[in-house]
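Chain and residue survey
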Amino acid sequence: MSDQSFATHEVSNQSPPFEDVNLFLSDAVLREAVEREGRGVDAQDLAAFGAATGSAHGFEIGRLANENLPKLHRFDQKGFPADRIEFHPAYHEAMTMSCAAGLHCSPWEHLKDSESGPPPGAHVARLARLYMMTQMEPGHVCPITMTNAAVPTLLLQADLAEALLPKMLSRRYDPAFKPIAEKTGATIGMGMTEKQGGTDVRANTTTAQPAGAGGPGAEYILVGHKWFLSAPMCDAFLMLAQAPGGLSCFLVPRFLPDGSVNPLRLQRLKEKLGNRSNASSEVELQGVHGWLVGEEGRGIATILEMVTMTRLDCAVASAGQMRLALAQAVHHCRHRSVFQKRLVDQPLMTQVLADMALDVEAATALAFRLARAFDEAAQSDAAAAWRRLMTPVTKYWVCKIAPALGYEAMECLGGNGYVEESLAARLYRELPLNAIWEGSGNVMCLDVLRVLSQDSAAAAMVLDDLDAAGAGDKALASAIRDLRARLADPEGLEAGARWFVERLAVTAAAALLRRHAPAAVADAFVASRLSGGFRHTYGCGAAHAGSRTIVDRVMPAEGG
Ligand SMILES: Cc1cc2nc3c(=O)[nH]c(=O)nc-3n(C[C@H](O)[C@H](O)[C@H](O)COP(=O)(O)OP(=O)(O)OC[C@H]3O[C@@H](n4cnc5c(N)ncnc54)[C@H](O)[C@@H]3O)c2cc1C
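Residues numbered from 1 in each chain as written. Predicted model: local features only at pLDDT ≥ 70, side-chain atom pairs only at ≥ 80, totals over all residues. Heavy atoms only, no water.

Once that is clear, we can look at the site of the ligand. Contacts to the ligand come from 20 residues, most closely from Met192, Thr193, Gly198, Thr199 and Ser230. The contact in question runs from an oxygen atom of the ligand to an N or O atom on the backbone of methionine 192, over 2.8 Å. Contact distances for the ligand include 3.2 Å between a nitrogen atom and a backbone N or O atom of phenylalanine 228. The protein chains hide 66% of the 980 Å² of surface that the ligand would expose on its own. Counting only elements with at least two residues in the shell around the ligand, the list comes to strand 3 (188-191), strand 5 (219-230), helix 13 (433-436) and helix 14 (441-454). Looking at the shell around the ligand, its residues break down into nine nonpolar, nine polar and two charged. Of the domains in this structure, domain 2 (185-301) and domain 3 (304-554) are the two that each give at least three residues to the shell around the ligand. (Near = heavy atom within 4 Å. Polar contact = N/O pair within 3.5 Å; in protein donor to acceptor, adjacent residues only side chain to side chain. Areas by Shrake-Rupley, 256 points an atom, 1.4 Å probe, with all protein chains shown as cover. Helix = DSSP H or I, 4+ residues; strand = E, 2+ residues; numbered from the N terminus. Nonpolar A, V, L, I, M, F, W, Y, C, P; charged D, E, K, R; others polar. Domains from an automatic or database assignment.)

Right, here's the structure in full:
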């Protein structure tokens, strides 16, 4: 009898662990999206990253980093303020992997050489890695995302950027608590949310008084608090505070130029539903030194550059997390038999899995189409229009449908999905987060309304693009007509904004799938989501004609 046997029974009919799966090669939807939207992206490199992130070791890093929570040390043994976070080595390993792969900086690496411009497909290449890394371990991706997103805001203040960028663009992760100048690499966080207002940052009460003459690049003293400050061991933060000229953006380093510690006093770490490996702190700013980025009173416009980038990451990460949830479900159903038949072959289960697969196809297609718009926005008005309008649309829709898919995928695993050791349980707790931070659902809808009122040409360009993609598809043409009609009559659009945003997201996804995906996928998506009134109870609508084809496409039988 082997060590794994029990006295009373043999363990059978359990699916093998979902690990050692190449997260790139096993994912045809991702591979095609990258090939389509990111011309010139190195697929071999992505395959190597897919092997590392999907390895048993990669998933073990994810488990350990989330089971061993970050610890706050407010004081040292002698009672001096310490304000340090201690992480499990697995967290540091994830950070090392992400930094080595340039997840925190790769689209900006051309800035090291002032002669060159960004390479084509730079955002798509990075986001393909992010899509995979979030499957391995999503929590550490928070400072990684913020560091990458901080670059365009920092570039608005060239003197500050000059000192910091070389460290941010380094691929060497350096967790040491010491001044940036002494480190091999640096990460950047973001401090906007206060107790009395997160969305409404104009309600911020933290004050900033000039230490001298004030003005762009000058030193200010900040007094107040931040209610959510994630990854507080970052080397610096972009923070909002009320200067004499109004709400302004500041660069706040952990260390001051004289080598002393900037007095950011960490009060406690949040106890969160998920995202456990990421430390999210409450912090008091007791005369903290910050340097003004941009003009006084232009804080929202300045930090918006950063926020826009993080919204893109949220959409791509949620699509990646949906993919993981679905892949686990399909994997299990391929190995588990019920009533002498594998679950994947039971018609009702095939229908449920196929229905989920349609949303993964749609979310991935939309997310990477948006990524391309970020790569091309500087060269093309149409790309700039897609970036402006479809960032809030994609962030809204992809992040919002992700939790429902995570739940259904968990149910496909049966009781095994609900136990704590299951990756599905951890993923389920993670899934609502991307919809909440970086602009919650309603806030995204209001942003869409802002675009419609300020830049009606952007909506016209996006709808023209969809028209071209959907030519010949009656349901698609009718959906686009509906959207145009709604735009022509903006009365009452605010209360109906969720309908409009959701309809635009689904129509855009349908157009992308009609143009690029196999007919079985596009037909089923259009029939259920555009014409069929689908309401996110998976498997509930009319049966998809090609449901087995749809399932086999998203996850090859051998698991990569
Ligand atoms: C794990 C975690 C980590 C975070 N890390 C950071 C961080 O590092 N830095 C940081 O600055 N923040 C961080 N946040 C904060 C996050 O960005 C805010 O929670 C978010 O912006 C929402 O703000 P709020 O909590 O104040 O909610 P509110 O602004 O009060 O919003 C509550 C609800 O009202 C809706 N709403 C708002 N305005 C309107 C309107 N006009 N009409 C209709 N509905 C509306 C919103 O969509 C939301 O659903 C983090 C949050 C979490 C959960």
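And the narrative resumes.
What follows concerns the pairing of strand 9 (residues 280-293). Taking burial as the measure, the 14 residues of strand 9 include eleven buried ones, the bulk of the element. Direction of pairing for strand 5 relative to strand 9: antiparallel, over a ladder of ten bridges. Paired with glycine 224 across the two strands is leucine 285, which belongs to strand 9. Bridge analysis of strand 7 (residues 246-253) against strand 9 gives three bridges, and the strand direction is antiparallel. Residue leucine 251 lies in a different strand from strand 9, and its bridge partner there is tryptophan 291. (Buried < 20%, exposed > 50% of the residue type's maximum accessible area, 1.4 Å probe, protein only. Pairing = 2+ DSSP bridges.)

Let us now look at the pattern of salt bridges. Going through the model one piece at a time under the given rule, you end up with 32 salt bridges. Arginine 342 serves as the salt-bridge partner of aspartate 345, at 3.1 Å between the closest nitrogen and oxygen. In this structure, aspartate 473 engages arginine 514 in a salt bridge whose closest nitrogen and oxygen atoms are separated by 2.7 Å. Of this pair, aspartate 473 sits in the loop between helix 15 (456-469) and helix 16 (474-488) while arginine 514 is found in helix 17 (residues 497-516), placing the two residues 41 residues apart along the sequence. Salt bridges sharing partners connect three or more residues here, namely Arg334, Arg342, Asp345, Arg548 and Asp552. (Salt bridge = Lys/Arg side-chain N within 4 Å of Asp/Glu carboxyl O.)

If you check which residues of helix 7 (residues 158-168) are buried, you get Leu160, Ala161, Leu164, Leu165 and Met168. Taken around the axis of helix 7, the buried residues stretch over an arc of 115°, which confines them to a single face. Among the exposed residues of helix 7, those oriented more than 90 degrees off its buried face are Glu162, Ala163 and Pro166. Where helix 7 is buried, its residues touch helix 6 (141-154), strand 3, strand 7 and strand 9. (Arc of directions from axis to C-beta. Contact = heavy atoms within 4.5 Å.)

Another aspect to go through is the domain arrangement of the chain. Domain parsing of the chain yields domain 1 (28-179), domain 2 (185-301) and domain 3 (304-554). Domain 1 and domain 2 are separated by 21 Å when their C-alpha centres are compared. Tallying the contact residues gives 35 residues for domain 1 and 36 residues for domain 2. The junction of domain 1 with domain 2 conceals about 3,000 Å² of combined surface from both sides, 69% of it contributed by carbon and sulfur atoms. Scanning the region where domain 1 abuts domain 2 turns up one salt bridge. In this structure, aspartate 83 engages arginine 265 in a salt bridge whose closest nitrogen and oxygen atoms are separated by 2.7 Å. At the boundary of domain 1 and domain 2, one finds nine residue pairs in polar contact (both at pLDDT 80 or more). (Buried area = accessible area lost by both parts, 1.4 Å probe.)

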